[in-house]
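Observations on chain architecture
Each chain, letter by letter, is given below.
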Amino acid sequence: MNCVFFLCLYIFLGSVVHLKVPIENAPFVFNKKENDIKYFLDKETPDDFLSNNSYSLDITLENFPNPFFHPSLCNRYGFKFSYICDPNKILSRNIADQIEEILNYQRRNSKHFCVDKEVPYVLGVALINKLPYGISADTFASQIFEYWKLSNKDCNDGVLLFFVKEDTHFILKWKKGAQSIINFRTATSMNKSFNQYLRKYSLEYSILSAVKLTSQYLTEEIIPPTQTAQKVVAFTIVIVVGLAYVAFILIVFADAQRDNK
């Protein structure tokens, strides 16, 4: 009888030990598939991730926050969404708020036609303390650009200004729909200005100035060189045509005067 009792007890305890009990708050595991990473960045964030201070984490492509869904992780507390992501707290609250105002102004004043309506260009700003090992700034910026879906629907009109503090380096990315304003020629000119800011000003003011300059291009307060050249050519043609017309009138008038004599 005792043997049967101990045998039953042994079987019961063994089943408890080997029973698969669900783990509460199981860790989030990336399987490195692009769709899963996008899903994480765009919509879902594990609870234990939200409880951490984002600026204390080593930022990677997998955990760089999306300010449209999790602005607090981007150091934009109190916002429902933002166009700035600064998870490492490179910017003070005051400067970040000023940049937010510049971006708001840009969206109100940079209208262009897309499909059948007038929409603003979409400018986002991302900052990081240092890049993950083996990842270039260009690659990181490109991935953020895609993960954030930084564009009006069907317009491909997004622009991203990305800054790496460790390298004191700006990267400017743009979609095809913004290419009439931001292109390789204008980007080269803008990058020269960015570097001048970094040499002359403090880090925060340099970032602020870079955002302001990009905004001024998109609102066409600064006319891109290509457009300037086109306008100069058009203006020259108008002047030449106008002078030719005036000359023609004068010749006709002179001939009429001669005939009257």
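Predicted model, so just to flag it, every value in this text is computed and none were measured. (Residues numbered from 1 in each chain as written. Predicted model: local features only at pLDDT ≥ 70, side-chain atom pairs only at ≥ 80, totals over all residues. Heavy atoms only, no water.)

Helices and strands together make up the secondary structure of the chain, namely 8 helices and 6 strands. Listing each helix as α and each strand as β along the chain from the N terminus yields α-α-α-β-α-β-β-β-α-β-β-α-α-α. The burial tally for the chain puts 39% of its 261 residues in the buried class. At a minimum sequence separation of 6, the contacts of the chain that also span at least 24 residues come to 56%. Roughly 16300 Å² of accessible area belongs to the chain as shown, and the carbon and sulfur atoms make up 58% of that amount. (Helix = DSSP H or I, 4+ residues; strand = E, 2+ residues; numbered from the N terminus. Buried < 20%, exposed > 50% of the residue type's maximum accessible area, 1.4 Å probe, protein only. Contact = heavy atoms within 4.5 Å. Areas by Shrake-Rupley, 256 points an atom, 1.4 Å probe, with all protein chains shown as cover.)

Scanning the entire structure with this criterion turns up 5 salt bridges. A salt bridge links E100 to R76; the shortest N-O distance between them is 3.0 Å. With E100 in helix 4 (residues 93-109) and R76 in the loop between helix 3 (47-50) and strand 1 (84-85), this pair connects stretches of sequence that are 24 residues apart. Classification of R76 by relative accessible area gives buried; the value is 1%. One salt bridge connects R93 with D97, and the closest N-O pair in it is separated by 3.1 Å. Of the two residues, R93 and D97 both sit in helix 4, 4 residues apart, roughly one turn of that helix. On the accessibility criterion, R93 (43% relative accessible area) is partly exposed. (Salt bridge = Lys/Arg side-chain N within 4 Å of Asp/Glu carboxyl O.)

For helix 6 (residues 184-200), spanning 17 residues, the distance from its first C-alpha to its last is 24 Å, which sits close to the expected 24 Å at 1.5 Å a residue. Among the residues of helix 6, the N-terminal cap falls to N183, whose side-chain oxygen and the backbone nitrogen of R185 are separated by 3.2 Å. (Expected span 1.5 Å × (residues − 1). Polar contact = N/O pair within 3.5 Å; in protein donor to acceptor, adjacent residues only side chain to side chain.)

So, about unusual backbone geometry. Unusually for a residue other than glycine, V115 sits at a positive phi of about 60°. Take V115: it is sitting in the loop between strand 2 (111-114) and strand 3 (117-120). Given a relative accessible area of 70%, V115 falls into the exposed group. Phi is positive for D154, close to 65°, though the residue is something other than glycine. On the secondary structure map, D154 appears in the loop between helix 5 (137-148) and strand 5 (158-164).

In terms of nonpolar packing, the biggest core is built from 54 residues, with F64, I99, F140, W148, L160, F162 and I182 touching the most fellow members. Secondary-structure elements contributing two or more residues to this core are strand 1, helix 4, strand 4 (122-128), helix 5, strand 5, strand 6 (169-174), helix 6 and helix 7 (203-218). Filtering out sequence-adjacent residues up to four positions away, F140 remains in contact with I59, T60, L61, F64, I128, L131, P132, I135 and F162. (Core = buried A, V, L, I, M, F, W, Y, C linked by side-chain atoms within 4.5 Å.)

Here we take up the state of the cysteines. Counted according to the given criterion, the structure contains 2 disulfides. There is a disulfide in this structure between C114 and C155, and the S-S distance comes to 1.9 Å. Judged by the sign of its S-S torsion, about -105°, the cystine formed by C114 and C155 is left-handed. Note that C114 is positioned in strand 2 and C155 in the loop between helix 5 and strand 5, a separation of 41 residues in sequence. For C114, a relative accessible area of 5% corresponds to the buried category. Judged by its relative accessible area of 10%, C155 falls in the buried class. (Disulfide = S-S within 2.5 Å.)

Note that all results are geometric; they support no functional claim without further evidence.
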